[in-house]
Amino acid sequence: REPTASGTPIQNSLEEFFTLVSLANPGVFGALHEFRKKFANPILRGREPTASPEERAKAEEMLSEVSHVTDKFILRRTN
């Protein structure tokens, strides 16, 4: 395997993030359609200006879960 480097894929595209994560750790989030249903759709809905407080909370919950999973195998550079 070769290392993968990217800027900030989760800020750019959740599907790009899924692809990079799947390269590093295949199957960690299941298939793309499962990732979309469980994580991407709620996160994107929660980012909409018209999102309800419940949708925003669900988005934060899913982002937290994604971070928890990926913290185990992705090294993040912080300032």
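Residues numbered from 1 in each chain as written. Predicted model: local features only at pLDDT ≥ 70, side-chain atom pairs only at ≥ 80, totals over all residues. Heavy atoms only, no water.

*Asks:* Any chance you could break down the packing of helix α3 (residues 32-47) against helix α4 (residues 53-70) for me, citing the residues and the numbers?
*Replies:* With their axes 8 Å apart at the nearest point, α3 and α4 run at an angle of 135 degrees to one another. With respect to α4, the axis of α3 lies oblique. As α3 packs across α4, the resulting crossing turns out to be left-handed. For the pair formed by α3 and α4, the contact residues are Lys38, Phe39, Pro42, Ile43, Arg45, Gly46 and Arg47 on the first element and Glu55, Arg56, Lys58, Ala59, Met62, Leu63, Glu65 and Val66 on the second. Tallied by class, the residues present in the contact of α3 with α4 amount to seven nonpolar, one polar and seven charged. (Axes fitted to C-alpha atoms, helices over the stretch in contact; angles between N-to-C directions. Helix = DSSP H or I, 4+ residues; strand = E, 2+ residues; numbered from the N terminus. Parallel < 35°, antiparallel > 145°, perpendicular 65-115°, else oblique. Left-handed = near helix turned anticlockwise from the far one by under 90°. Contact = heavy atoms within 4.5 Å. Nonpolar A, V, L, I, M, F, W, Y, C, P; charged D, E, K, R; others polar.)

*Asks:* Describe helix α2 (residues 14-24), naming the residues involved and giving the relevant values.
*Replies:* Considered for burial, the residues of α2 that qualify are Leu14, Phe17, Phe18, Val21 and Ser22. Along α2, the residues classed as buried sweep out an arc of 130 degrees about the axis, all on the same side. For α2, the exposed residues lying more than 90 degrees away from the buried face are Thr19 and Leu23. Its side-chain oxygen 3.3 Å from the backbone nitrogen of Glu15, Ser13 forms the N-cap of α2. (Buried < 20%, exposed > 50% of the residue type's maximum accessible area, 1.4 Å probe, protein only. Arc of directions from axis to C-beta. Polar contact = N/O pair within 3.5 Å; in protein donor to acceptor, adjacent residues only side chain to side chain.)

*Asks:* How would you explain α4 if you had to name every residue and give the values?
*Replies:* The end-to-end C-alpha distance of α4 is 26 Å, a good match for the 26 Å that 18 residues give at a rise of 1.5 Å each. All of the buried residues along α4 are Ala59, Met62, Val66, Val69 and Thr70. Take α4 and look down its axis: the buried residues cluster within an arc of 90 degrees, on one side only. Of the exposed residues in α4, those oriented more than 90 degrees away from the buried face are Pro53, Glu54, Glu60 and His68. (Expected span 1.5 Å × (residues − 1).)

*Asks:* Tell me about the packing of α2 against α3, and name the residues and values.
*Replies:* For the pair α2 and α3, the least separation of the axes is 10 Å and the interaxial angle reads 140 degrees. As far as their axial angle goes, α3 and α2 are oblique. The crossing of α2 and α3 is right-handed. Residue-level inspection shows Leu14, Glu15, Phe17 and Phe18 of α2 in contact with α3, the latter providing Leu32, Phe35, Arg36, Ala40, Ile43 and Leu44.

*Asks:* I'd like a rundown of the packing of aromatic side chains, residues and numbers included.
*Replies:* Here the structure, examined in full by the defined rule, presents four aromatic pairs. Summarising the aromatic geometry, the rings of Phe29 and Phe39 are spaced 5.2 Å apart at their centres and angled 70 degrees between planes, so their arrangement reads as edge-to-face. Of this pair, Phe29 sits in the loop between α2 and α3 while Phe39 sits in helix α3, placing them ten residues apart in sequence. Classification of Phe29 as buried rests on a relative accessible area of 8%. Phe39 sits in the buried class, given a relative accessible area of 4%. Taken together, a centroid distance of 5.7 Å and an interplanar angle of 35 degrees make the contact between Phe35 and Phe39 tilted. You can see Phe35 and its partner Phe39 sitting in helix α3, four residues apart, about one turn around the helix. Residue class for Phe35 comes out buried when judged on its relative accessible area of 1%. An aromatic cluster is built from Phe18, Phe29, Phe35 and Phe39, whose rings are joined through pairwise contacts. (Phe/Tyr/Trp six-rings, centres within 6.5 Å; stacked < 30°, edge-to-face > 60°.)

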